[in-house]
Amino acid sequence: MQQVRKIIIDTDPGQDDAVAILLALASPELEVLGITAVAGNVPLGLTEKNARKICELAGRPDMKVHAGAGRPLVRDLVTAEHVHGKSGLDGPDLPEPEMPLMQAHAVDFIVETVMAHEPGTLTLCTLGPLTNIALALVREPRIAPRIGGIVMMGGGFFEGGNITPAAEFNIHVDPHAADVVFRSGVPIVMMPLDVTHKALATRARVDAFRELGTPVGLATAAMLSFSERFDKEKYGNEGGPLHDPCVIAYLLRPALFAGRTCNVSVETASELTMGMTVIDWWHVTKRPHNAQVMREIDDEGFFALLTERLGRL
Ligand code: BDR
Ligand code: CA
């Protein structure tokens, strides 16, 4: 039997973040110790509220949700209402959450939780800008060797960027935080756009969520139909990319993904390419290998897993 893996989800919901959270909460292989919100897709006041809405939708009002950084380390916050709507979670009509926001700051929660666990036993799942994680690493450097790993949605290389021609949104919003994380020595598994642009929420796949007929299935279909509106126009394909659930799916079924270990460096100087993840895929430098960079996904297997798991909630 697979051991239950303890995770913290750091997130900026966002419809795809929401689906990732639902997937984690539906999966007995994972124990979600807490959810930490960060400013990203929308400002912090909305991302923390959206995280609580999703926990309640999943029937988990007991979940610890902590608010973290309200802006990136150095740069001004860039948000993505053009993708996610004004609330960040447009699409379904979800009630205002009743569960409380925890008092402790997300960065304190991350530091204290990592320090309280045996080294190597806790995984951080990052679905948004890396501000909270960088702050935690700076605030308490002793956490770096204790974190079992970071599985992140972020970056892109062969696919280019989605917020600028060169940069993916999560890394572009806080490139300085991403730089701290990639230099931290923590083992990283990276789900870049090169993977997530192959995980398309086609009409048939969205219908499958709707056909679950449950509040979770209906809300998921409504969320994905909303973000699709924008993605179709942008990418002109059969459905929008479902980015963040790839992180959780990796923990459940790593064999759904394939990639290689290499160096990832983050551009923090050039305005033109700010937040670009420079991936040494062909090992043309001697820079240290700091991430396992995924490039392939079994998209059929991924959506089958997702639909089956959301059906459990
Ligand atoms: C990432 O940016 C956000 O808009 C999504 O939630 C995802 O985490 C994709 O670039
Ligand atoms: Ca996100």
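As a reminder, the structure under discussion sits directly above these lines.
Criteria and cut-off values
- Residues numbered from 1 in each chain as written.
- Chains lettered and ligands numbered in written order.
- Predicted model: local features only at pLDDT ≥ 70, side-chain atom pairs only at ≥ 80, totals over all residues.
- Heavy atoms only, no water.
- Helix = DSSP H or I, 4+ residues; strand = E, 2+ residues; numbered from the N terminus.
- Rg over C-alpha atoms; globule rule 2.2 N^0.38 Å.
- Buried < 20%, exposed > 50% of the residue type's maximum accessible area, 1.4 Å probe, protein only.
- Contact = heavy atoms within 4.5 Å.
- Areas by Shrake-Rupley, 256 points an atom, 1.4 Å probe, with all protein chains shown as cover.
- Lys, Arg positive; Asp, Glu negative; His and termini not counted.
- Charge placed at Lys NZ, Arg CZ, Asp CG, Glu CD.
- Phe/Tyr/Trp six-rings, centres within 6.5 Å; stacked < 30°, edge-to-face > 60°.
- Lys NZ or Arg CZ within 6 Å of the ring centre and 35° of its normal.
- Polar contact = N/O pair within 3.5 Å; in protein donor to acceptor, adjacent residues only side chain to side chain.
- Donors = N, O, S within 2.8 Å, 3.2 Å for Na, K, Ca; no water.

1. Quick word on the overall build of the protein chain
Counting its secondary structure elements, the protein chain contains 12 helices and 12 strands. The globule rule puts the C-alpha radius of gyration for 313 residues at 20 Å, and the 18 Å found for the protein chain is close to it. Projected onto the principal axes, the alpha-carbon positions of the protein chain cover approximately 50 × 45 × 45 Å. With 313 residues in all, the protein chain has 60% of them scored as buried. Sequence-distant contacts, at least 24 apart, represent 83% of the contacts inside the protein chain between residues at least 6 apart. Entry remark: accessible area of the protein chain is about 12300 Å², with carbon and sulfur atoms responsible for 54%. Separation of charge centres in the protein chain, based on 28 positive and 39 negative side chains, amounts to 4 Å.

2. A few points about the packing of aromatic side chains
One pair of aromatic rings is described through two measures. These are the centre distance and the angle between the planes. Taken as a whole and judged by the stated rule, the model has 4 aromatic pairs. An angle of 85 degrees between the planes, with centres 5.6 Å apart, marks the rings of F158 and W281 as edge-to-face. With F158 in the loop between β5 (147-153) and α6 (169-173) and W281 in the loop between β11 (277-279) and β12 (291-297), this pair connects stretches of sequence that are 123 residues apart. Exposure remark for F158: the relative accessible area of 36% places this residue in the partly exposed category. With a relative accessible area of 7%, W281 lands in the buried category. Relative to F303, the ring of F302 has its centre 5.0 Å away and its plane inclined at 80 degrees; by these criteria the two rings are edge-to-face. Overall, the relative accessible area of 1% leaves F302 in the buried class. Each residue in the set F157, F158 and W281 is aromatic and connected to the rest through ring pairs, giving one cluster. Directly above the aromatic system of W281 lies the positively charged group of R295, at a separation of 5.2 Å from the ring centroid.

3. Section: the side chain of T131
For T131, the location among the structural elements is in helix α5 (residues 131-139). Within the local environment of T131, its side chain forms a polar contact with the side chain of D174, the two groups lying 2.8 Å apart. Those residues in contact with T131, other than ones at most four positions away along the chain, are V38, A69, R71, P72, L73, D174 and A177.

4. Some words on the coordination of the calcium ion (ligand 2)
Distances from the calcium ion (ligand 2) to its protein donors, D12 (OD), D17 (OD), D17 (OD), L127 (O) and D244 (OD), fall at 2.2 to 2.5 Å. Mapped onto the polypeptide sequence, the residues donating to the calcium ion (ligand 2) form the spacing pattern D-x4-D-x109-L-x116-D. Here L127, found in the loop between β4 (122-126) and α5, pairs with D244, found in the loop between β8 (239-241) and α11 (245-252); they are 117 residues apart in sequence, far enough to count as distant. L127 gets classed as buried once you look at its relative accessible area, which sits at 1%. With relative accessibility at 2%, the residue D244 sits in the buried group.

Interpretation note: all reported values are geometric properties and have no functional meaning in isolation.
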